[in-house]
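Each chain, written out:
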Amino acid sequence: MRTSNRRRSTLSFLLAAAAALAVVTVVGILLTETAMETDFSRTGLPPSLDALFGTDWMGRDMFARTLSGLSLSIRIGLLTAAISAAVALALGIVSAVCGGLVDAAISWCIDLVMGIPHILLVMLISIACGRGFTGVVMGVALSHWTSLARVVRGEVIQLRQAPYILTAQKLGVSRAGIVRRHLLPHLLPQFLTGLVLLFPHAILHEASVTFLGFGLSSERPAIGAILSESMRYLTTGKWWLALFPGLSLVLVVMLFALLGDRLRRLLDPASVHG
Amino acid sequence: MILEARDIWFYYPGRKHAPVLRDVALSLCSGERVGLKAPSGRGKTTLCRLLAGYERPRGGDILLNGRPLSAYRGVCPVQMVWQHPETVVDPLLRLGATLAEAGPIETRLMDALHIQAGWLERYPAELSGGELQRFCIARALHPATRFLLCDEMTAMLDLVTQAQIWDFLLEEARRRDLGLLVVSHSDALLERVCSRVQTLA
Amino acid sequence: MPPILEIRDLSIHFVQYERGFRRRRLPVIRDLSLTIQPGQVVAVVGASGSGKSLLAHGILDLLPYNGQMEGSILYQGEPLSPRRAEQLRGDEIVLIPQGVTYLDPLMKVGDQIRRGRKDPDSRARCTAALQRYGVGPEVEALYPFELSGGMARRVLIASAVVDRPKLIITDEPTPGLDAKAAGRILGHLRELAEEGAGVLLVTHDLELALTIAHRVTVFYAGETIEEAAAQDFSSSAGLRHPFTRALWRAMPQHGFHPLSGAQPYPGTVDTGCPFAGQCSRCRPDCVQTQRIPLRPWRGGAVRCLFPEEEASS
């Protein structure tokens, strides 16, 4: 064959990316203890074979701190993305199916949430919920469902007028049957892709809020907290404190974004021809 | 049985000043084969959609035996075969699953329409328009169907397939005493198939 | 003068995914040959799904990326390479597509026809082209969704012919139009041919094709089975291939005779005649012969081992 099998390579990429993220998550959890250990005999070491990412002003190993920070970010990302997506799916379908006043109310809510800058909203909700883990999760989850809800709503409204759904109704298929057999399978690709693409946003916003001091407490080795602390030492020439955690955060976010993009291509029913 | 459209008015939302249908009346009895003719864009398809209950008229009534069509529950006795079969089957379902929604289809129908068992395993995108159309006709010929609206049903098929499908459908309509409404731009076809032709002005 | 378009032994196939990761080669057109002289309308008639639209796209090098083409296409005596096709399409070679969805929904009609040019000359030609098809200049300021189906189709034609093309390829130009509107559109095509352009009309509708075509090429299961002059269709006896005769007899005005069986998928019949399964005159030879060649016959061409018998019946 002239071209390589694109579906197969897409799937191998998906699996590899998912595996890499899983490894980071698990290793990060295992390294949490190491990340908290202080050793004042070796403070402020630049990167070397001994300490890959160097050590900080309290002699903590930056490699362990980065990994456990990423792990925490990924877990928060998963949780918040799942909550956001569930809210989006429910509100989107309800909005489209009920129509009228309910639709207007939900659409108004979407506009309202979308109208406020994300970071501000996350901060406010986080403060209101008492900061910390709950605060961040609530903040990120409650501010990220809007665009997906809008997509789901639009999709359902369009699907409801699709000739094949109208025809199924005329052939006596029940309302539940239509939702199960026709609506959900059509929403699934959009929904899954939206879910995966929520991760990078959630992770970035969690890190930003923590960086600004409105999120996780500074003892926890979260990426936001690490970056925020290292800013104070940047002027003293300890560049490794910010560079590696920052870079790895960017990498993880990009990996998630690519994952979502590839997933969309794989699930797209129109791609049978390629 | 008799299917009637009485003084139908229809316009699309926000286009009240330009109605698609105004004061249209039409009646179709069991066993009757009526042709419907009109220049393009005069609402033939819209009238079919109204008669099959896909859409409600803005004015006037669609009556089946004197009862509003919307009062019938379950499988609608008025079924429609569309011009483009690929729009009326769910692209994500195997054809077998789509066909099963309306209840089992008699093998006699499948044979007469040359529907191969292998097609049921396939997705709509894997069949040609002609094959899908046979499929949609088989589905529309549900045991509860009393009236069949054929909207340019064979316009996109070659002549041999057209002749095949009509040959079968006319026989089936006679056997089951179905009422047929045939929309077509081909005068030769209407003349051949219909007992009377109505023009939509 | 060389023919405007000459296609020799053209084959098109697709690479497609089956369930999961398996791939298969899906032949859609096999060994197609046709010639269009200046001023001629040539119709390609075949069943829906027989790959006719791909022929049009293939000539313009607009096949989807998983489509592959073999054989040669000569435009005015010279090979039509992908690069040449890209240069010529839209100017000398134009496609009038099947659906009105080919119009850009976000661009006003006038801008689409002028392809963005704003000089007075382009404006005048655009207005003249629309005028010719009975569309007033006020339409130039409308968006495609504001047009009716028939109007959009006329705009498509106007937009194709505004630059005086030499070869016009049309893909099902008249579906869903009433006989009068369809006749008008076909009349426009015939007119363009009379002005010296070559017209390739791809359609499933033999009746409409016969109203304007000079020559007709009939497709069956992805193969050309007959090439005939339009007047050969005035009686069944003038035709050469049993399938073409079946088509003729299936016309509502010629008896509406059905033919049992269905066309095989392109590429599923490897040996013998693809029509063997539906042919009433099929003989053992028809099934056993490896490949039946398309050969000249009574001023046309036919892909059948025993066409002579048909001529006498």
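Above: the structure in question.
Below, the structure is looked at part by part. (Residues numbered from 1 in each chain as written. Chains lettered and ligands numbered in written order. Predicted model: local features only at pLDDT ≥ 70, side-chain atom pairs only at ≥ 80, totals over all residues. Heavy atoms only, no water.)

**Section: the packing of aromatic side chains**
Step number 1: Across all of its chains, the model carries seven aromatic pairs over all chains by this definition.
Step number 2: Where A:Trp239 meets A:Phe244, the ring centres are 6.2 Å apart and the plane angle is 50°; that geometry is what we call tilted.
Step number 3: Ring geometry for B:Tyr54 and B:Trp82: centres 5.2 Å apart, planes at 85°, overall edge-to-face. A residue pair is termed long-range when its members are at least 10 positions apart, and B:Tyr54 in the loop between α1 (44–51) and β4 (59–64) and B:Trp82 in the loop between β6 (78–81) and α2 (95–101) qualify at 28 residues. An identical accessibility class is assigned to B:Tyr54 and B:Trp82; each is buried.
Step number 4: One aromatic cluster in this structure is built from A:Trp239, A:Trp240 and A:Phe244.
Step number 5: Positioned above the aromatic ring of B:Tyr11 is the side chain of B:Arg58, whose terminal nitrogen or guanidinium carbon lies 5.2 Å from the ring centre. (Phe/Tyr/Trp six-rings, centres within 6.5 Å; stacked < 30°, edge-to-face > 60°. Helix = DSSP H or I, 4+ residues; strand = E, 2+ residues; numbered from the N terminus. Buried < 20%, exposed > 50% of the residue type's maximum accessible area, 1.4 Å probe, protein only. Lys NZ or Arg CZ within 6 Å of the ring centre and 35° of its normal.)

**Focus: the nonpolar core**
Step number 1: Core analysis: the largest hydrophobic core is formed by 129 residues, its most contacted members being B:Leu51, B:Leu149, B:Trp166, B:Leu169, B:Leu181 and C:Ile168.
Step number 2: Once residues within four sequence positions are removed from consideration, B:Leu181 is found in contact with B:Leu26, B:Leu28, B:Val34, B:Leu36, B:Cys48, B:Leu51, B:Leu148, B:Leu149 and B:Cys150.
Step number 3: With 37 residues, the next largest nonpolar core counts A:Ile74, A:Ala85, A:Leu227 and A:Leu259 among its residues. (Core = buried A, V, L, I, M, F, W, Y, C linked by side-chain atoms within 4.5 Å. Contact = heavy atoms within 4.5 Å.)

**Structural notes on the side chain of A:His186**
Step number 1: For A:His186, the position within the fold is in helix α9 (residues 175–212).
Step number 2: Relative accessible area serves as the criterion here: at 14%, A:His186 is assigned to the buried category.
Step number 3: Sequence-distant contacts of A:His186, defined by excluding residues within four places in its chain, comprise A:Glu155, A:Leu159, A:Tyr164, B:Asp90, B:Pro91 and B:Leu92.

**Describing the layout of surface pockets**
By rolling a water-sized probe across the atoms, one finds the places where empty space is left.
Step number 1: Considering only enclosed or pocket space, the second largest pocket measures out at about 1100 Å³ in volume.
Step number 2: Residue lining of the second largest pocket: 31 residues in total, with A:Gln169, A:Lys170, B:Gly53, B:Arg56 and B:Arg73 positioned closest to the centre.
Step number 3: Those elements giving two or more residues to the lining of the second largest pocket turn out to be α8 (163–170) and α9 of chain A together with β4 of chain B.
Step number 4: Of the residues assigned to the lining of the second largest pocket, the class counts are 16 nonpolar, eight polar and seven charged. (1 Å grid on protein atoms, 1.4 Å probe; cavity = no way out; pocket = protein on both sides within 12 Å on 5 of 7 lines; lining within 4 Å. Points joined across faces, edges and corners; volume = space filled by probe spheres on them. Nonpolar A, V, L, I, M, F, W, Y, C, P; charged D, E, K, R; others polar.)

**What about the interface of chain B and chain C?**
Step number 1: In this assembly, 30 residues from chain B lie in contact with 30 residues from chain C.
Step number 2: Both faces combined, the contact of chain B with chain C buries some 2500 Å², and carbon together with sulfur accounts for 56% of it.
Step number 3: Counting the surface chain B buries against chain C, the share from its top three residues, B:Leu159, B:Val160 and B:His185, is 26%.
Step number 4: Taken together, chain B and chain C are joined by zero salt bridges. (Buried area = accessible area lost by both parts, 1.4 Å probe. Salt bridge = Lys/Arg side-chain N within 4 Å of Asp/Glu carboxyl O.)

**What to know about the state of the cysteines**
Step number 1: Per the counting criterion, the structure on display carries zero disulfides over all chains.
Step number 2: Not part of a disulfide, B:Cys29 finds its nearest cysteine sulfur in B:Cys194, a span of 14 Å. (Disulfide = S-S within 2.5 Å.)

**Here's the deal with the sheet that holds strand β2 (residues 21–29) of chain B**
Residue and element names in this part refer to chain B.
Step number 1: One open sheet holds the four strands; their spatial order is β2-β1-β4-β5, and the pairing between them is antiparallel. The open sheet has two edge strands, β2 and β5 (67–68), and neither has a second partner.
Step number 2: Inspection of the sheet shows β4 paired to β5 by two bridges, in the antiparallel sense. Its bridge partner lying in β5, Leu-64 is registered against Arg-67.
Step number 3: Its contacts with the sheet place α1 against β1 (2–10), β2 and β4, and it is angled at close to 60° to β2. (Pairing = 2+ DSSP bridges. Axes fitted to C-alpha atoms, helices over the stretch in contact; angles between N-to-C directions.)

**What about the sheet that holds strand β7 (residues 147–151) of chain B?**
Residues and elements named next belong to chain B.
Step number 1: If you walk across this open sheet you meet the five strands as β6-β7-β8-β3-β9, and the pairing is parallel. The open sheet terminates on both sides in strands that have one partner only, identified here as β6 and β9 (196–199). If you compare each strand with its neighbour and ignore which way they point, the axes differ by 20° on average.
Step number 2: Here β6 pairs with β7 via four bridges, running parallel. If you follow Val-78 over to β7, its bridge partner there is Phe-147.
Step number 3: The sheet strands contacting helix α5 (residues 159–176) are β3 (33–37), β7 and β8 (179–183), and the helix crosses β8 at an angle near 150°.

So yeah, pure geometry; function would need other evidence.
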